[in-house]
Amino acid sequence: MHLTELTDPHATSPKELLELLETDDRGLSSDEAASRLEEFGPNKLPEAERPNIFVRVFRHFNDPLIYLLLVAAVVMAVTGHWIDTWVILAVVVVNAVIGLVQEGQAESALEGIKDMLSAEAHVHRDGEWVEVPAEEVVPGDLIRLSSGDRVPADARVLAGTNLGAEEAALTGESVPSNKDPGAVEEDADLGDRTSMVYSGTMITSGRGRAVVTATGEHTEIGKINTMVSEVETLATPLTRAMSRFGRMLTFIILGASAALFVFAWLVHDMPLDELFRAVVAFAVSMIPEGLPAIMTITLARGVQLMAKRNAITRQLNSVETLGSVTVICSDKTGTLTRNEMTVRRLVTTEGAYEVTGTGYAPEGEIEQDGEAVDPEETPGLRTLLEVASRANDANVVGPGEQEEDDDAQDSAEEDEAGEEWQLRGEPTDGGLRTLAMKAGHDPGDEGRKGEIPFDSDHQYMATLDDVDGERIIHLKGAPGTVLDLCETQGTGVDGDEALDREAWEERVDELSAEGMRVLAAAVKSGDGDELTSEDVDGGGFVLVGLYGIIDPPRDEAIQAIAEAQEAGITVKMITGDHRGTALAIGAEMGIGNGEDALIGSEIEGMSDSELQEAVGSTDVFARTSPEHKLRIVEALQERGEVTAMTGDGVNDAPSLKRADVGVAMGIKGTEATKEAADIVLADDNFATIENAIERGRAIYDNLRKSILFILPTNGAEGLVIVVAILAGLTLPLTPLQVLWVNMVVSVTLALALAFEPPEPDVMKRPPRDADAGILGRSGLIRIGFLTVLVGGAALGLFALVYRGGEGDLEVARTLTVNVLVFAQVFYLFNVRFLRESSLRRELFTTNPVSWISVAVLIVLQLVFLYAPFMQELFGSRPLSVVEWGWTLGIGAAVFVAVEVEKLVGRKLADRAE
């Protein structure tokens, strides 16, 4: 027996399948089970191969900027500056430690999936039912399932009574799937394979028997596990941009250093020890040692702010990546919608009604033409509510109410959502129970004498109830089934109007076209204290109306989608639900045009290039499997889109891992999904994603501000040293003074930029190009402009004070350092607003950290100038009032010059538009 022979067990008859599996309805013997366990292996998911600690540590040093820092450390060690060496190495180690703490995503995702698997299974071995560890279940085993069981392996249903399974985590469908032994079409989507039960899903109702068709990695959940382990994550836009920047800077520094060395040696015949020290000073001046620390602090600050807004970040870089997202692919159930079935429409012979309120909270009312309706004055509506309440086994429990149900008490979902109304029972029944509670007419099972539970074979539920001394049968079920059992229509058991079946079927089609699940209700007189199938199947019912039930959209998600679209972000919905439901929900939320949708079977028939073209024009995808979701994300990425994928089911884990940003639901999401994601939403709210994107854009702006702030100083230092080497002059800066400016001054001031609030237009501009350079043309122009301005001013003052060797060298160098430092102080206020003028009230009213940083820096610089131990260490000297005047004057000139440059830039941009 080979598993490859079982390509379509869902489409194979039970008899034929048992023959293929070489078993029968008596199950396997213990010897045969042991033999198959050896052949197929244990029913568990394979362990992921975890890289050893040395490989994991090395990964965090494999970065151009880290190489630059290590080069700087070696240079400092060679020149004997051991304090500086250890400071730089400390920065490298801190960055590596943060990276190690943040990693482990893929391994944790696999562990999350394994937590879903069953621990025990009931199998038929040696002619009797026994309980065995789920790991020992093998293909061909006969298993027994009942309500509350977790399915131990993929299996073909052989027999069942009212058998239902909750498969939302696997298929994305919000309604439990009814199971029966009947074969289905070979090309049926996963959610339509009613003859199968799948490993890791939960039996919600009934009981049944099934034969195991796949175990371990061959199950549907095993295939997802394999996909998660094989999916390659992409480098984030920030990582790609910084990698390009680091490589470019490395080549520039190495090339320029070599050229300077050769030039000074051949032209000026400079002594090698002096020459080496000069080139080292140049290299150190050009390396932005503080940049990795600033990046880490800025991203960590973003993580803190996002956590306060219910977005918990697992990967630091994903904070910034959110800012460049161009497409959000969202799951429907529980993400865009509430995953709480709600009755939205009612139809009776008296008219059609709207029901307000969403979810299981009994808040809302029944309206007709915008006016509230009293059911007590509307007989047909009252009877419809009576059926909703009596033919119902679900309960809705309010906040703080205690339920004597161990399973309910153990529910993690309820622990996290304890302040909400909670469902005890089947979701559709929960929606009907809430309807009755809203109307204040909820007798429940009071007076119940008999019942026939819902069964997938007969497609209805019926109860026999004592209502004010009269026996009445209340019936609800699939419209086609209920219509077959009705002879008349009306407002109660005495309704005698001829049934207009065609008209009712039209109303069913109308409601279905709006994405609603439709149930019909009927009543008839009964007798006795028992209810049998013959009492119902004999017909003679009076049809009283229809319920239109939907998993409603989140109100806040609709607004968030509109805001995302205004920011140039496309929102696409990917769901396991049916096409009609997906289109209706999409149209209500502003996704798609309400007409075009791709379904899973169509995706399967497309080549990669065809799918890439299709995803560009399609915003709604229905009946999708995990493979489909993964292909959609990959197709979008091939089109150059930066993709965020949201989801809550284990079926979302592979695509979440592949997406540029994976976003999991924290309350209703599975552990596998949370562990595969980069960001977890603590409130399961799509609107939180939009807030996170705004914060991500602000973080990118702040990172860019930091780089634009740090690099001009590096450029000015480099220019000062290059000119001195080329001209054969005394160096205006020592390597240690360069390090003071780069590590202490830059980091102190640049830190303030991590606390900048979002700029006013942050969500009104389109997403940035993920492949564009981090600086851009305007950034390079500003860096070059400031390099010449500040570097030239520093050189001029050095020459003025030093006077070719007649002046004090230490004072001249100290003045050079002071000019570089205070030029940065003034420039900090320029760079706080990248495009807009800094001459505004917000310069003083926002980001108090910037003023604190300036105050701290002034104190540090005064210590640098006047503390004896600092004078000894750095060769600094006190400055005169005139020299302080020159320093502050150049700083003010820098501020004015940059404001003029920003003004010219805005004018040119306006003219281009």
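Enquirer: Sorry, what's going on with the overall build of the protein chain here?
Expert: The helix and strand tally for the protein chain stands at 35 helices and 28 strands. For the protein chain, the proportion of contacts with a sequence separation of at least 24, taken over those separated by at least 6, is 72%. Only carbon and sulfur atoms are counted for the fraction: they give 53% of the accessible area of the protein chain, which is about 36,800 Å².

Enquirer: I keep staring at the sheet that holds strand β27 (residues 661-665) and nothing clicks. Help me out?
Expert: Strands belonging to one sheet form pairs held by backbone hydrogen bonds; the direction of such a pair is parallel or antiparallel. One open sheet holds the eight strands; their spatial order is β8-β28-β27-β26-β9-β23-β25-β24, and the pairing between them is mixed. Only two strands of the sheet have a single neighbouring strand rather than two, namely β8 (311-313) and β24 (598-599). Along the sheet face, helix α22 (residues 579-589) touches β23 (570-574), β24 and β25 (620-622) and points at about 155 degrees away from the line of β25. Packing of helix α28 (residues 686-727) onto the sheet brings it into contact with β8, β9 (327-330), β23, β26 (643-647), β27 and β28 (679-681), and relative to β9 it is tilted by some 160 degrees.

Enquirer: Got a minute to help me understand the nonpolar core in this structure?
Expert: One recurring pattern in soluble globular proteins: nonpolar side chains tend to sit buried together. One finds Val-325, Leu-475, Val-536, Phe-686 and Phe-709 to be the most contacted residues of the largest nonpolar core, which totals 153 residues. The leading source of residues in this core is α28, at 19 residues. When residues no more than four places from it in sequence are discounted, the contact partners of Val-536 are Ile-452, Tyr-460, Ala-462, Leu-475, Leu-485, Leu-531 and Phe-541.

Enquirer: Which parts of the structure should I look at to understand the side chain of Ser-195?
Expert: Structurally, the position occupied by Ser-195 is in the loop between β5 (177-178) and β6 (196-197). In terms of polar contacts, Ser-195 uses its side chain to reach the backbone carbonyl oxygen of His-10, at 3.0 Å. Apart from residues lying up to four places away in sequence, Ser-195 is in contact with His-10, Ala-155, Arg-156, Val-157, Asp-180, Pro-181, Gly-182 and Val-184.

Enquirer: Please clarify how a negative patch on the surface should be interpreted in this entry.
Expert: Taken together, Asp-468, Glu-470, Asp-494, Asp-496, Glu-497, Asp-500, Glu-502, Glu-506 and Asp-509 make up a surface patch of like negative charges. With respect to the helices and strands, Asp-496 occurs in the loop between β19 (486-489) and β20 (497-498). A relative accessible area of 66% means that Asp-496 is categorised as exposed.

Enquirer: Looking at this structure, I do not really get the pairing of strand β22 (residues 541-550). What am I missing?
Expert: Residues in a regular strand point their side chains to alternate faces of the sheet. For β22, the tally of buried residues reaches 10 of 10 residues, placing the bulk of the element in the interior. The pairing of β19 with β22 spans three bridges and is classified as parallel. Looking at the pairing, Gln-489 lines up with Leu-543 of β22. Direction of pairing for strand β21 (residues 517-525) relative to β22: antiparallel, over a ladder of seven bridges.

Enquirer: Would you mind going over the pattern of salt bridges with me for this structure?
Expert: Opposite charge on two side chains lets them pair, provided their charged atoms get close. Under the definition given, this model contains 28 salt bridges. Among the salt bridges present, the one from Lys-476 reaches Asp-429, with a minimum N-O distance of 2.9 Å. Residue Lys-476 is found in strand β18 (residues 470-477), and its partner Asp-429 is found in helix α17 (residues 427-438); the two are separated by 47 residues along the sequence. Overall, the relative accessible area of 6% leaves Lys-476 in the buried class. When the shortest N-O distance is used, the salt bridge between Arg-501 and Glu-505 registers 2.9 Å. Of this pair, Arg-501 and Glu-505 both sit in helix α19 (residues 501-513), four residues apart, roughly one helical turn.

Enquirer: Quick question: what am I supposed to make of empty space enclosed by the protein here?
Expert: It is the rolling of a water-molecule-sized probe over the atoms that shows where space remains empty. Evaluation of the coordinates by the stated rule reveals three cavities of 30 Å³ or more. The volume enclosed by the largest cavity comes to roughly 80 Å³. Lining of the largest cavity is provided by Phe-709, Pro-712, Thr-713, Ala-716, Leu-786, Val-790, Leu-820, Ala-823, Gln-824, Tyr-827 and Val-894. Looking at the lining of the largest cavity, the elements that each hand over two or more residues are α28, α30 (776-802) and α31 (809-831). A class-by-class count of the residues in the lining of the largest cavity yields nine nonpolar, two polar and no charged.

Enquirer: Can you walk me through the packing of helix α14 (residues 379-390) against α17 in this structure?
Expert: The description of two helices packed together rests on the angle between their axes and the distance between the axes. Axis separation between α14 and α17 bottoms out at 8 Å; the angle between their running directions is 130 degrees. By the angle class used here, α14 and α17 are oblique. α17 is crossed by α14, and the crossing has left-handed handedness. Contacts between α14 and α17 involve Leu-385, Ala-388 and Ser-389 on the former and, on the latter, Leu-432, Arg-433, Leu-435 and Ala-436. Of the residues contributing to the contact of α14 with α17, the split by class is five nonpolar, one polar and one charged.

Enquirer: Sorry if this is basic, but what is going on with the side chain of Asp-429 here?
Expert: Exposure remark for Asp-429: the relative accessible area of 11% places this residue in the buried category. When neighbours within four sequence positions are excluded, Asp-429 is seen to be in contact with Asn-392, Asp-393, Ala-394 and Lys-476.

Enquirer: What's the story with helix α25 (residues 626-638) in this structure? I'm lost.
Expert: Over its 13 residues, α25 extends 18 Å from the first C-alpha to the last, a length consistent with the 18 Å expected when each residue adds 1.5 Å. Every buried residue of α25 is listed here: Pro-626, His-628, Lys-629, Leu-630, Ile-632, Val-633, Ala-635, Leu-636 and Gln-637.

Enquirer: Hey, could you run me through the confidence of the model for the protein chain in this one?
Expert: Detailed reading of the predicted model is not advised wherever pLDDT is low. Per-residue pLDDT for the protein chain averages 83, and the proportion of residues at 70 or more is 88%. Low pLDDT, under 50, characterises residues 102-118; the stretch is placed with 53 contacts to residues that sit more than four places away or in other chains. Under a pLDDT of 50 for its full length, residues 402-418 has, in the predicted model, 20 contacts with residues more than four places off or in other chains.

Enquirer: It is not clear to me how the packing of α31 against helix α33 (residues 848-866) should be interpreted in this structure. Could you clarify?
Expert: Viewed as axis vectors pointing N to C, α31 and α33 meet at an angle of 175 degrees, and their least axial separation amounts to 11 Å. Taken together, the axis directions place α31 and α33 in an arrangement best described as roughly antiparallel. Seen from α31, the contacting residues are Thr-814, Val-817, Asn-818, Val-821, Phe-822, Val-825, Leu-828 and Phe-829; seen from α33, they are Ser-850, Trp-851, Val-854, Leu-857, Ile-858, Gln-861, Phe-864 and Leu-865. Its residues assigned to classes, the contact of α31 with α33 comprises 12 nonpolar, four polar and no charged.

Calculation notes
Residues numbered from 1 in each chain as written. Predicted model: local features only at pLDDT ≥ 70, side-chain atom pairs only at ≥ 80, totals over all residues. Heavy atoms only, no water. Helix = DSSP H or I, 4+ residues; strand = E, 2+ residues; numbered from the N terminus. Contact = heavy atoms within 4.5 Å. Areas by Shrake-Rupley, 256 points an atom, 1.4 Å probe, with all protein chains shown as cover. Pairing = 2+ DSSP bridges. Axes fitted to C-alpha atoms, helices over the stretch in contact; angles between N-to-C directions. Core = buried A, V, L, I, M, F, W, Y, C linked by side-chain atoms within 4.5 Å. Buried < 20%, exposed > 50% of the residue type's maximum accessible area, 1.4 Å probe, protein only. Polar contact = N/O pair within 3.5 Å; in protein donor to acceptor, adjacent residues only side chain to side chain. Patch = residues over 30% accessible without salt bridge, like charges linked within 9 Å, V, L, I, M, F, W, Y side chains within 5 Å. Salt bridge = Lys/Arg side-chain N within 4 Å of Asp/Glu carboxyl O. Lys, Arg positive; Asp, Glu negative; His and termini not counted. Charge placed at Lys NZ, Arg CZ, Asp CG, Glu CD. 1 Å grid on protein atoms, 1.4 Å probe; cavity = no way out; pocket = protein on both sides within 12 Å on 5 of 7 lines; lining within 4 Å. Points joined across faces, edges and corners; volume = space filled by probe spheres on them. Nonpolar A, V, L, I, M, F, W, Y, C, P; charged D, E, K, R; others polar. Parallel < 35°, antiparallel > 145°, perpendicular 65-115°, else oblique. Left-handed = near helix turned anticlockwise from the far one by under 90°. Expected span 1.5 Å × (residues − 1). pLDDT = per-residue confidence, 0-100.

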